[in-house]
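Analysis of the macromolecular model
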Amino acid sequence: MKNYENLDIEIKDGVYWLTLNRPEARNALDASMLNEIDQAIDEAEQEENVKVIIIQGAGDKSFAAGADIKQLNARKPLEALVPGMQGLYNKIENCKKVTVAAVSGYALGGGCELALACDIRIAAKNAKFGLPELNLGIIPGAGGTQRLSRIIGKGRALDMILTGKIIDGEEAERIGLATYYTSEKELAAKAEAVAAEISKKGPVAIQLAKFAVHKGYDIDEGTAMWIEKLSQAVAFGTEDKKEGTSAFIEKRKATFKNR
Ligand code: CO8
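None of the values given here were measured: they were computed from a predicted structure. (Residues numbered from 1 in each chain as written. Predicted model: local features only at pLDDT ≥ 70, side-chain atom pairs only at ≥ 80, totals over all residues. Heavy atoms only, no water.)

**Some remarks on the overall build of the protein**
Across its full length, the protein holds 11 helices and 10 strands. The C-alpha radius of gyration of the protein comes to 19 Å, within 12% of the 18 Å expected for a compact globule of 259 residues. A principal-axis box enclosing the C-alpha atoms of the protein has dimensions of 60 × 40 × 35 Å. In the protein, which comprises 259 residues, the proportion classed as buried is 45%. Put simply, of all contacts in the protein between residues at least 6 apart along the chain, 66% involve residues at least 24 apart. Accessible surface, the protein: about 13800 Å² in total, of which carbon and sulfur atoms supply 53%. With 35 positive and 37 negative side-chain charges, the protein shows a spacing of 4 Å between the two charge centroids. (Helix = DSSP H or I, 4+ residues; strand = E, 2+ residues; numbered from the N terminus. Rg over C-alpha atoms; globule rule 2.2 N^0.38 Å. Buried < 20%, exposed > 50% of the residue type's maximum accessible area, 1.4 Å probe, protein only. Contact = heavy atoms within 4.5 Å. Areas by Shrake-Rupley, 256 points an atom, 1.4 Å probe, with all protein chains shown as cover. Lys, Arg positive; Asp, Glu negative; His and termini not counted. Charge placed at Lys NZ, Arg CZ, Asp CG, Glu CD.)

As structure tokens, this is what we get:
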């Protein structure tokens with residue numbers, strides 16, 4: 001495993017724990033931290049035993065307070081065209097491992113968008129989700145305008161984006177922004193439990209199911225159904241399918257082998 005300046009990494013029970021660790025700046029995502037997250041995602045993808053990546057912030061004050069505003073202040077218009085944060089979050093969404101954001105404290109701007117790019121969001125009671133970019137004279141630019149509306153609906157997304165309002169963990173769960181809501185104390189345990197449940201499944205099926213949902217979401221239903229069918233055909237050709245169905249019939253636990 002690499003050594004990172006602003007990330008803490010731990011691999012435990014098939015989970016790659018990626019902790020954003022720049023608490024003095026509320027884990028604001030500067031260029032070097034984004035670069036490290038990029039490398040860490042590559043590293044997690046290559047770890048065969050890892051099925052789930054859990055992203056969290058160090059301490060319970062902040063998941064991530066967004067892009068580094070000091071760096072944004074100096075950025076020129078055409079520099080905003082590079083893949084940057086949006087490209088990284090697309091990479092996270094397209095990552096073959098399941099991604100879980102465990103959010104305690106601030107998840108603002110690019111921090112909220114990072115959570116939105118994950119497959120599952122678990123919010124602690126003290127979570128504070130918001131897209132306050134308009135206060136800075138810019139707009140959410142790392143997937144926020146698109147992912148938020150797809151997750152919570154266009155009306156609520158427009159309200160959050162245009163007012164810049166910040167919602168807590170309970171509200172986030174109520175409107176579907178967060179998948180689960182828990183106490184701060186239970187956050188890591190809840191994330192671990194969700195990861196453990198996912199990890200019982202076969203990696204090929206996990207990947208196919210994840211992509212069928214993500215890739216099918218933005219296209220017409222007929223084509224999306226075809227993607228589902230083709231993905232299922234791939235799953236039917238795996239040893240894991242033989243193992244999963246045999247285990248059920250033989251009343252035993254399945255041991256999946258990723259092939
Ligand atoms: N960037 C840089 N530094 C930050 C950031 C940030 N986003 N957030 C906090 N910090 C720093 C503060 O400057 C401060 O540093 P210092 O001690 O040197 O003064 C330190 O962290 C602690 O911050 P506060 O004293 O403000 O701590 P509080 O606990 O009082 O408040 C808040 C915490 C509410 C999180 C507050 O710091 C805040 O409002 N931060 C800004 C939140 C924000 O507006 N985020 C959106 C940023 S824009 C964005 O994410 C765009 C993404 C898309 C970009 C696409 C580009 C192409």
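**So, the site of the ligand**
The local shell around the ligand holds 23 residues, among which R26, A65, A67, I69 and G110 are the closest. Contact distances for the ligand include 2.9 Å between a nitrogen atom and a backbone N or O atom of A65. Here A67 contributes a backbone N or O atom positioned 2.8 Å from an oxygen atom of the ligand. Broken down by secondary-structure element, the contributors of at least two residues to the shell around the ligand are α2 (69-74), β6 (106-108) and α4 (110-117). (Near = heavy atom within 4 Å. Polar contact = N/O pair within 3.5 Å; in protein donor to acceptor, adjacent residues only side chain to side chain.)

**Topic: a nonpolar patch on the surface**
On the surface, a cluster of nonpolar side chains totalling about 390 Å² of accessible area is made up of L134, I139, L158 and L162. One can find I139 in the loop between β8 (128-130) and α5 (144-152). Judged by its relative accessible area of 57%, I139 is exposed. (Patch = residues over 30% accessible without salt bridge, like charges linked within 9 Å, V, L, I, M, F, W, Y side chains within 5 Å. Salt bridge = Lys/Arg side-chain N within 4 Å of Asp/Glu carboxyl O.)

**Let's talk about the pairing of strand β7 (residues 120-124)**
Of all 5 residues in β7, 5 are buried; the element is thus mostly enclosed. Covered by surrounding structure in β7 are I120, I122 and A124 together with R121 and A123, the residues of both alternating faces. Taken together, the 3 bridges between β7 and strand β10 (residues 180-182) define a ladder with parallel strand orientation. Across the sheet, the residue bridging to I122 is Y180, located in β10. (Pairing = 2+ DSSP bridges.)

**Structural notes on the side chain of E36**
Considering the arrangement of structural elements, one finds E36 in helix α1 (residues 31-46). Despite being buried, E36 has no salt bridge partner; R22 is the closest side chain of opposite charge, sitting 9.3 Å away.

**A word on unusual backbone geometry**
A positive phi angle, close to 60°, is found at N27, a residue other than glycine. With respect to the element layout, N27 can be found in the loop between β2 (15-20) and α1. Backbone geometry places N258, a non-glycine residue, at a positive phi of 65°. Take N258: it is sitting in the segment after α11 (239-249).

**Section: the domain arrangement of the protein**
For the protein, the assigned domains are domain 1 (7-199) and domain 2 (203-249). Taken together, the contacts link 12 residues of domain 1 with 9 residues of domain 2. Of the roughly 860 Å² buried between domain 1 and domain 2, counting both surfaces, carbon and sulfur atoms make up 53%. Among the residues domain 1 hides against domain 2, the three largest losses belong to N94, K96 and R150. Together they make up 51% of the total. Applying the counting criterion to the domain 1 and domain 2 interface returns 2 salt bridges. In this structure, R150 engages D218 in a salt bridge whose closest nitrogen and oxygen atoms are separated by 2.6 Å. Between the two partners, domain 1 and domain 2, sit 8 residue pairs in polar contact (both at pLDDT 80 or more). Taken together, the elements giving at least two residues each to the side of domain 1 that touches domain 2 come down to α3 (84-93) and β5 (98-103). (Domains from an automatic or database assignment. Buried area = accessible area lost by both parts, 1.4 Å probe.)

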